[in-house]
Amino acid sequence: MKFSKIIFVFFVVAYTVMLLFPHSNIKAQPSITWQKLYNGPFPTSSDNGSDMCMATNGNFFVSGRELSPAGQRAFVLKLKPNGDTIWTRYFTNQTSGSSYLTAEAVVSSLDGGCVITGSSDQPYTCKLDSNGNTAWFRKYGPGSVRCMEIIRTNDGGYIACGDQIANVRDGFLLKIDSLGNLQFRKNFKSGFSKIFYSILQSKNTDFILNGTEYDCELCSGNSFVLTLNSYGDSISEKPYTIEIEKMIQVENGYLICGSTPIDSIHPFNQVYIAKLSLGGEVSNFKIIKDDKVEFLKDFKVINENRYVIVTDTDTLGNRIAGVSIIDSMGNVLHRKIFAVTDYSIFFSVLPFENGDIGFTGTVETHLPQRRDVVVIRSDSNLYVKPVGITQNSSIVIQNFKLLQNYPNPFNPSTNLEFRIPEQGFVILKVYDVIGNEVATLVNERKTAGNYTVKWNAGDYPSGVYFYKLAVSSSNPLRTASFSETKRMVLLK
């Protein structure tokens, strides 16, 4: 009887907690933020992170390609939640006379492993188990193919899309079962070329693809959305004047994202988000406002009403990674520029279960023919712990830089980010509009790297403030000190 009473009390308490805190997560994991570079065994290789997916126990995979004197080969990294490497696997083309193989896309196999695909002289897939052992490596007939996305399907298999590379490019589709056996491969022709960018499966098992087709070599491309049945047969295709590069399935339709063309309305390329109904009608078209040239790289859902957009952003001739957190109406909730070096591009984004967000891509290290894979893990507001980015104890930051604070305007806290290419004594202070010093945030010697400092202005009134970075270099050959000041707005 006593035991029954204990069980009853336990369920009453549990039910009360659920009523009081319906969305609480008692075991919510804290954020784990870091920035790291990864490279292969060749000192002059060009390494690129292309895609990411989850493994188990918070671990995750990064796929990509390495271009070195030995040729172009695919790789997969398995990383711990803190970015430490569990294992690395490289794959070369298994066909005589061909030297290129890439891993443009990776998807979890739900058993601790992953399946990759990419570019090669033949369409291919490769499955790795949780320990990095190859479960299969299979090719599916002749024809140089570039597969840019792969997803799991409702029947437990996988489907990949891209284009078949020839004088005239065809849209390409590859469907395999859970063991890698071919179910079908199909080409979709157009006037000159047709390219599939991404694919998803609807609730009724139809496949929805988007891409671009061209009528001639010099013609402007037209976007389309293609619906196929579960056998890969065409059901419908609808053209669009806007460029559709990524799609996310939502209730009663889709969210679409892409880059605007340059025309009389848009003086430079920018990224937009819009709603696409199940009937194919576009509404709620909104440009993600920014004063820089931007091209879409990835678009993922974080939760019910938050999405992350990754862009290739041109800032004063430098190519850097721009990241925006938006709601379903296109309102920007958070925005950050990740300038690891003057050439920093993210190609893929991975939301984590605890709210953190992962990014991968490539950075130019300013060494001859050298690029490294970059992986960054931020919190849900794009904050990254202020640590230097190093690879084999070699700093890759090349220039002093004070970045614009984010968010701005802010209330009550904001992040101030700066980078230094070498060790120096750093002072970061905040001043009010008439020049009075109100806060000293940094006053110490620091090693080279990227740093982010949070300023909580809860005790200060609304208004314009200035923050100034001053660095006295420890390099005896550099006599000039660096200083830069930027403006920010506290709006309560």
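Structural notes, computed from the coordinates. (Residues numbered from 1 in each chain as written. Predicted model: local features only at pLDDT ≥ 70, side-chain atom pairs only at ≥ 80, totals over all residues. Heavy atoms only, no water.)

### Describing the overall build of the chain
- Each helix and strand in the chain was counted, giving 1 helix and 38 strands.
- Expressed as a percentage of its 492 residues, the buried residues of the chain come to 50%.
- Considering only residue pairs separated by 6 or more positions, the chain has 48% of its internal contacts joining residues 24 or more positions apart. (Helix = DSSP H or I, 4+ residues; strand = E, 2+ residues; numbered from the N terminus. Buried < 20%, exposed > 50% of the residue type's maximum accessible area, 1.4 Å probe, protein only. Contact = heavy atoms within 4.5 Å.)

### Observations regarding the sheet that holds strand S16 (residues 207-214)
- Read across the open sheet, the 4 strands follow the order S15-S16-S17-S18; overall the sheet is antiparallel. The outermost strands of the open sheet, each flanked by one partner alone, are strand S15 (193-201) and strand S18 (234-240). On average, adjacent strands in this sheet sit at an angle of 20° to one another, irrespective of strand direction.
- One ladder, built from 6 bridges, connects strand S17 (residues 222-228) with S18; its direction is antiparallel. (Pairing = 2+ DSSP bridges. Axes fitted to C-alpha atoms, helices over the stretch in contact; angles between N-to-C directions.)

### Here's the deal with the layout of surface pockets
- Size it by volume and the largest pocket reaches roughly 1,700 Å³.
- Here the residues of the lining of the largest pocket are counted per class, giving 25 nonpolar, 11 polar and 13 charged.
- Taken as a whole, the second largest pocket spans an internal volume of roughly 760 Å³.
- If you go around the second largest pocket, you meet 35 residues; those closest to its centre are Lys-292, Arg-335, Lys-336, Ile-337 and Gln-404.
- Listing elements by their share of the lining of the second largest pocket, those giving two or more residues are strand S22 (282-287), strand S25 (318-326), strand S26 (332-338) and strand S33 (413-420).
- In terms of residue count, S26 provides more of the lining of the second largest pocket than any other element does, 6 residues in total.
- Of the residues in the lining of the second largest pocket, the class split is 13 nonpolar, 11 polar and 11 charged. (1 Å grid on protein atoms, 1.4 Å probe; cavity = no way out; pocket = protein on both sides within 12 Å on 5 of 7 lines; lining within 4 Å. Points joined across faces, edges and corners; volume = space filled by probe spheres on them. Nonpolar A, V, L, I, M, F, W, Y, C, P; charged D, E, K, R; others polar.)

### Regarding the pairing of strand S35 (residues 437-446)
- Judged from the 8 bridges that link them, strand S34 (residues 424-432) and S35 form a sheet pairing that is antiparallel. Residue pairing across strands places Val-426 opposite Glu-444, the latter belonging to S35.
- Once S34 ends, the chain turns through 4 residues before running back antiparallel as S35, passing Gly-435 with a positive phi of about 95°.

### A short note on the sheet that holds strand S20 (residues 253-259)
- Taken in spatial order, the 4 strands of this open sheet run S19-S20-S21-S22, and their pairing is antiparallel. Strands with a single pairing partner mark the edges of an open sheet, and in this sheet they are strand S19 (246-250) and S22. When the angles between neighbouring strand axes are averaged without regard to direction, this sheet yields 20°.

### Observations regarding the side chain of Thr-313
- Its place among the elements puts Thr-313 in strand S24 (residues 306-315).
- Owing to a relative accessible area of 0%, Thr-313 belongs among the buried residues under this scheme.
- At 2.9 Å, the side chain of Thr-313 and the side chain of Thr-311 are in polar contact.
- Those residues in contact with Thr-313 that sit more than four places away from it in its chain are Lys-292, Val-293, Glu-294, Asn-318, Arg-319, Ile-320, Ala-321, Gly-322, Arg-335 and Ile-337. (Polar contact = N/O pair within 3.5 Å; in protein donor to acceptor, adjacent residues only side chain to side chain.)

### Details of the packing of aromatic side chains
- Considering all chains together, one arrives at 18 aromatic pairs under this definition.
- Considering the side-chain rings of Tyr-272 and Phe-285, the 4.8 Å spacing of their centres and the 25° angle between planes classify their relative orientation as stacked. One end of the pair, Tyr-272, is in strand S21 (residues 271-277); the other, Phe-285, is in strand S22, and 13 residues separate them in sequence.
- Phe-285 sits in the partly exposed class, given a relative accessible area of 36%. (Phe/Tyr/Trp six-rings, centres within 6.5 Å; stacked < 30°, edge-to-face > 60°.)

### Observations regarding the environment of Gln-249
- Its place among the elements puts Gln-249 in strand S19.
- Taking C-alpha positions, Gln-249 is 10.0 Å from Leu-278, a pair spaced 29 residues apart along the chain.
- Residues within four places of Gln-249 in sequence aside, it is in contact with Leu-200, Gln-201, Ser-202, Lys-203 and Tyr-254.

### Quick word on the pattern of salt bridges
- Per the stated rule, a full pass over the model turns up 22 salt bridges.
- Here Glu-237 makes a salt bridge to Lys-194, at a shortest N to O gap of 2.8 Å. Of this pair, Glu-237 sits in strand S18 while Lys-194 sits in strand S15; the two residues are 43 residues apart in sequence, bridging distant segments of the chain.
- For Lys-194, a relative accessible area of 2% gives the class buried.
- In this structure, Glu-437 and Lys-429 form a salt bridge, with 3.2 Å as the shortest nitrogen-oxygen distance.
- Through salt bridges with shared partners, one network takes in Arg-146, Asp-163 and Arg-169. (Salt bridge = Lys/Arg side-chain N within 4 Å of Asp/Glu carboxyl O.)

### A short note on the nonpolar core
- Formed by 22 residues in total, the largest nonpolar core has its most connected members in Phe-418, Leu-428, Val-430, Trp-455, Leu-469 and Met-488.
- If you list the elements that add at least two residues to this core, you get S33, S34, S35, strand S36 (449-456), strand S37 (463-473) and strand S38 (482-490).
- Per-element tally for this core: the top contributor is S37, with 4 residues.
- Not counting residues up to four positions away in its chain, the partners in contact with Val-430 are Leu-416, Asn-436, Glu-437, Val-438, Ala-439, Leu-441, Trp-455, Tyr-465, Phe-466, Tyr-467 and Met-488.
- Core analysis: the second largest hydrophobic core is formed by 17 residues, Val-340, Ile-357, Val-363 and Leu-382 among them. (Core = buried A, V, L, I, M, F, W, Y, C linked by side-chain atoms within 4.5 Å.)

### Some words on the side chain of Arg-377
- Relative to the helices and strands, Arg-377 resides in strand S29 (residues 371-378).
- Here Arg-377 falls in the buried class, since its relative accessible area comes to 4%.
- Of note is the side chain of Arg-377, whose polar atom sits 3.0 Å from the side chain of Asp-356.
- Discounting residues that sit within four places of it in the chain, Arg-377 has contacts with Ile-32, Thr-33, Trp-34, Pro-81, Phe-352, Asn-354, Asp-356, Ile-357, Gly-358 and Val-384.

### A few points about unusual backbone geometry
- The linkage connecting Tyr-406 with the following residue, Pro-407, adopts the cis geometry, with an omega of -5°.
- Considering the arrangement of structural elements, one finds Pro-407 in the loop between strand S32 (401-402) and S33.
- You will see that Thr-205, though not glycine, has its phi angle at about 80°, which is positive.
- Checked against the element boundaries, Thr-205 lands in the loop between S15 and S16.
- Phi at Asn-284 is positive, roughly 55°, even though this residue is not glycine.

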